[in-house]
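Residue-level structure breakdown
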Amino acid sequence: MTDFKDNPHYELFLKQQANQLKVGQTTHNQRVKKLNALRRAIEITYRDQIIEAMRKDLGKPKVETELTEVYPIIGDIKHAVKYLHRWMRKQKVKTPLSMLGASSYFIHESKGVCLIISPWNFPFNLTFGPLVSAIAAGNTVIIKPSEMTPNASALMAKIVREVFSEDEVALVEGEVEVSTQLLKLPFNHIFFTGSPNVGKIVMNAASKNLTSITLELGGKSPVIIDETANIDAAAKKIMWGKFLNTGQICVAPDYVLVDESIKQQFVNACKKWLSYYYRDRPKTSKSYGRIVTQKHFERLKSHIENAKDLSATIIVGGISDAKDKYIEPTLISDLKDEATILQEEIFGPILPILTYSKLDEAINYINTKERPLALYIYSKSKSNTNAIITNTRAGGTCINNNIIHYANHHLPFGGVNNSGIGKSHGFFGFEAFSNKRAVVKQHTIGASEFMFPPYGRVKEKIARLTIKWF
Ligand code: NAD
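The structure displayed is predicted, hence computed values, not measured ones. (Residues numbered from 1 in each chain as written. Predicted model: local features only at pLDDT ≥ 70, side-chain atom pairs only at ≥ 80, totals over all residues. Heavy atoms only, no water.)

Here we come to the packing of helix 9 (residues 231–243) against helix 10 (residues 263–277). Packing of helix 9 against helix 10 leaves a shortest axis separation of 8 Å and a crossing angle of 50°. Classified by the interaxial angle, the pair formed by helix 9 and helix 10 is oblique. Note on packing geometry: the crossing formed by helix 9 with helix 10 is right-handed. Across the interface between the two elements, Ile231, Asp232, Ala234, Ala235, Lys236, Ile238, Met239, Trp240 and Phe243 of helix 9 pack against Gln265, Phe266, Ala269, Cys270, Lys272, Trp273, Leu274 and Tyr277 of helix 10. For the contact of helix 9 with helix 10, the class distribution of residues is 13 nonpolar, 1 polar and 3 charged. (Axes fitted to C-alpha atoms, helices over the stretch in contact; angles between N-to-C directions. Helix = DSSP H or I, 4+ residues; strand = E, 2+ residues; numbered from the N terminus. Parallel < 35°, antiparallel > 145°, perpendicular 65-115°, else oblique. Left-handed = near helix turned anticlockwise from the far one by under 90°. Contact = heavy atoms within 4.5 Å. Nonpolar A, V, L, I, M, F, W, Y, C, P; charged D, E, K, R; others polar.)

Given below as structure tokens:
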């Protein structure tokens, strides 16, 4: 057996391991109490500090922080509190006739000691969201938030210390090395949100202990706008969805594929909505944020330079200011296939606009790439919409909108293959942090006992009849 003695986080892990069954045995009411304590901390005690931390880390406007950090967590908690009783109930299932004399059910039991690793783009939402599911399912949790948003991480550490005891929920701050050490420990579940590349590292580490995983990853989420779409409404929603959080969203539209016959109208509508949203001055607008770090700024700037070098057309924007980590909302067209912006997830305020002449071309283009986290369709045509959905694979889809599928707690959220493994939100998050334990209870002599050895001709006959009839 592996010796974890020298691991700097082993002592904390052992504390939680010693406590995990007790936490797993908590009642519905006890879990609701914990969730409500977290809710009070976020909604009341620390709300202003959350807004301030987001302003410092990401230049995030107050309204955006309220809507994309505070509200989703409160929504997660309210939803869990409302349905937890149902989720925790034992689920009776049928028992086949061949098992006569027995009854069957399954329960959702806690997995045990869980690790949550979260990214920087919505630090509160993407740390406390999974935490709500983990608590609802009765687990103990160690959290490792991103080092890129230090104000958010320090505040989350304070909230966790205040609301929970360390043997139940603990938060460890630090750089990649902290993640690396934590990932060596034999957790019962790891819930990771971040990039596909680091997702592979997490999956590899989890395999050493055969730890189950949920990977909420990213990638390139396409938008198709067909010739029947309401162009103005599409532009209005895409300009919001793309430039919210300065494009640093896993489900942000990554690139647009628009029918060539309506491209110009679409571009005009995009310009109109951009100028309305940011009053023609995004740099001084209170509604527009900044890039998280200098390194991320340089990456995005180099995408623009690369596109320019390849003679692409900058329709809008392209201007940046390194000191301020500012990149103007940018629309680019006439891109060559080899442009880096078409190869990597953009994760910033740059939108490539590509065209197609037949819908199949757009579908084939998407299918040459990794399976996306989200695929958006703007169309009034049922047959086009069906053709797109049935001929592609994606984690989620909005028809005539973008991003909002994330906000419905009744839907599973997550990717497929390169964009993720497993689902989160609402019941699906509770499920991710639970083990489905199957239970069969024998009430009377079981039919199977007639088939115990020694075997003879009669039992052979019964076996044949069982295969045929039961
Ligand atoms: P990231 O993968 O770089 O980092 C995520 C977390 O992993 C951080 O806590 C970081 O400290 C840790 N980490 C980084 N390198 C590591 C390593 N080598 N070993 C172990 N841990 C490591 O991602 P990010 O830059 O924070 O976030 C952006 C990515 O996350 C994008 O790809 C985006 O699409 C994705 N994302 C997905 C979702 C979703 O719900 N599917 C949500 C937000 C972001």
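It is worth spelling out the domain arrangement of the protein at this point. Partitioning the protein into domains gives domain 1 (10–217 + 421–436) and domain 2 (222–414). Across the contact, 27 residues belong to domain 1 and 23 residues belong to domain 2. The contact between domain 1 and domain 2 buries some 2,100 Å² in all, and 58% of this surface belongs to carbon and sulfur atoms. Between the two partners, domain 1 and domain 2, sit 0 salt bridges. Our count for the contact surface shared by domain 1 and domain 2 stands at 10 residue pairs in polar contact (both at pLDDT 80 or more). For the side of domain 1 that touches domain 2, the elements supplying multiple residues, two or more each, are helix 3 (47–58), helix 4 (62–88), helix 5 (125–136) and helix 14 (426–432). In terms of residue count, the dominant contributor to the side of domain 1 that touches domain 2 is helix 4 (7 residues). Considering only residue class, the side of domain 1 that touches domain 2 consists of 10 nonpolar, 11 polar and 6 charged. (Domains from an automatic or database assignment. Buried area = accessible area lost by both parts, 1.4 Å probe. Salt bridge = Lys/Arg side-chain N within 4 Å of Asp/Glu carboxyl O. Polar contact = N/O pair within 3.5 Å; in protein donor to acceptor, adjacent residues only side chain to side chain.)

Moving on to the nonpolar core. Counting residues in each nonpolar core, the largest one holds 45 residues, and the members touching the most others are Leu38, Ile42, Phe124, Phe128, Leu131 and Ile143. Ranked by residue count, the leading element in this core is helix 4, at 8 residues. The residues contacting Phe128, other than those within four sequence positions of it, are Leu38, Ile42, Ile73, Met156, Ile159 and Val160. Listed in part, the 41 residues of the second largest apolar core include Phe266, Tyr278, Tyr326 and Ala374. (Core = buried A, V, L, I, M, F, W, Y, C linked by side-chain atoms within 4.5 Å. Buried < 20%, exposed > 50% of the residue type's maximum accessible area, 1.4 Å probe, protein only.)

We now examine the pairing of strand 7 (residues 212–216). In terms of burial, strand 7 is a largely internal element, 4 of the 5 residues being buried. Between the parallel elements strand 6 (residues 189–193) and strand 7, the chain passes through helix 8 (residues 196–209) in a crossover that is right-handed. As defined by bridge partners, strand 7 adjoins strand 17 (residues 420–421) across 2 bridges and the pair is classed as antiparallel. Note that in strand 17 the partner of Leu215 across the bridge is Ile421. (Right-handed = clockwise from strand over helix to strand, strands pointing away. Pairing = 2+ DSSP bridges.)

Next up on the list: a nonpolar patch on the surface. On the surface, a nonpolar cluster with roughly 610 Å² of combined accessible area is contributed by Leu97, Leu100, Leu465, Trp469 and Phe470. When you line up the elements, Phe470 lands in the segment after helix 15 (457–469). The exposed category is assigned to Phe470, whose relative accessible area is 56%. (Patch = residues over 30% accessible without salt bridge, like charges linked within 9 Å, V, L, I, M, F, W, Y side chains within 5 Å. Areas by Shrake-Rupley, 256 points an atom, 1.4 Å probe, with all protein chains shown as cover.)

On the secondary structure map, Ile116 appears in strand 3 (residues 113–117). Of the residues examined, Ile116 reaches a relative accessible area of 0% and is grouped as buried. Taking the C-alpha atoms as reference, Ile116 lies 7.6 Å from Leu131; in sequence the two are 15 residues apart. Look past the residues within four positions of Ile116 in its chain and what remains in contact with it is Thr127, Pro130, Leu131, Val141, Ile142, Ile143, Lys144, Phe191 and Phe433.

In this section: unusual backbone geometry. The step from Pro453 to Pro454 runs through a cis peptide bond, and the omega angle for that step is 0°. With respect to the element layout, Pro454 can be found in the loop between strand 18 (434–442) and helix 15. Of note in this structure, Arg279 is not a glycine but carries a positive phi near 50°. Mapped onto the secondary structure, Arg279 falls in the loop between helix 10 and helix 11 (294–309). With a phi angle near 85°, His425 is a residue other than glycine that sits in the positive phi range. Using a relative accessible area of 11% as the deciding quantity, one classes His425 as buried.

The next subject is helix 15. Because an α-helix completes one turn every 3.6 residues, residues spaced three or four positions apart along the sequence face the same direction. If you check helix 15, its first and last C-alpha atoms are 18 Å apart, about what 13 residues at 1.5 Å a residue would give, namely 18 Å. Of all 13 residues that make up helix 15, 0 are buried, and the element is exposed over most of its length. (Expected span 1.5 Å × (residues − 1).)

By nearness alone, 28 residues border the ligand, and Ser118, Glu147, Ser195, Leu217 and Glu345 come closest of all. Here Ser179 contributes a side-chain N or O atom positioned 3.2 Å from a nitrogen atom of the ligand. The backbone of Gly194 places a nitrogen or oxygen atom 3.3 Å from an oxygen atom of the ligand. When the ligand sits alone it has 840 Å² of accessible area, and the protein chains cover 89% of it. Listed by contribution, the elements that provide at least two residues to the shell around the ligand are helix 7 (176–183), strand 6 and helix 8. Each residue belonging to the shell around the ligand can be placed in one class, and the counts come to 16 nonpolar, 8 polar and 4 charged. Each of two domains, domain 1 (10–217 + 421–436) and domain 2 (222–414), supplies a minimum of three residues to the shell around the ligand. (Near = heavy atom within 4 Å.)

Let us look at the packing of helix 3 against helix 4. Interaxial distance between helix 3 and helix 4 falls to 10 Å at its minimum, and their mutual angle equals 110°. On the basis of their axis angle, the class for helix 3 and helix 4 is roughly perpendicular. Relative to helix 4, helix 3 is oriented so that their crossing is right-handed. In this structure, helix 3 contributes Arg47, Ile50, Ile51 and Met54 to the contact, and helix 4 contributes Lys62, Thr65, Glu66, Glu69 and Val70. Among the residues forming the contact of helix 3 with helix 4, the class breakdown is 4 nonpolar, 1 polar and 4 charged.

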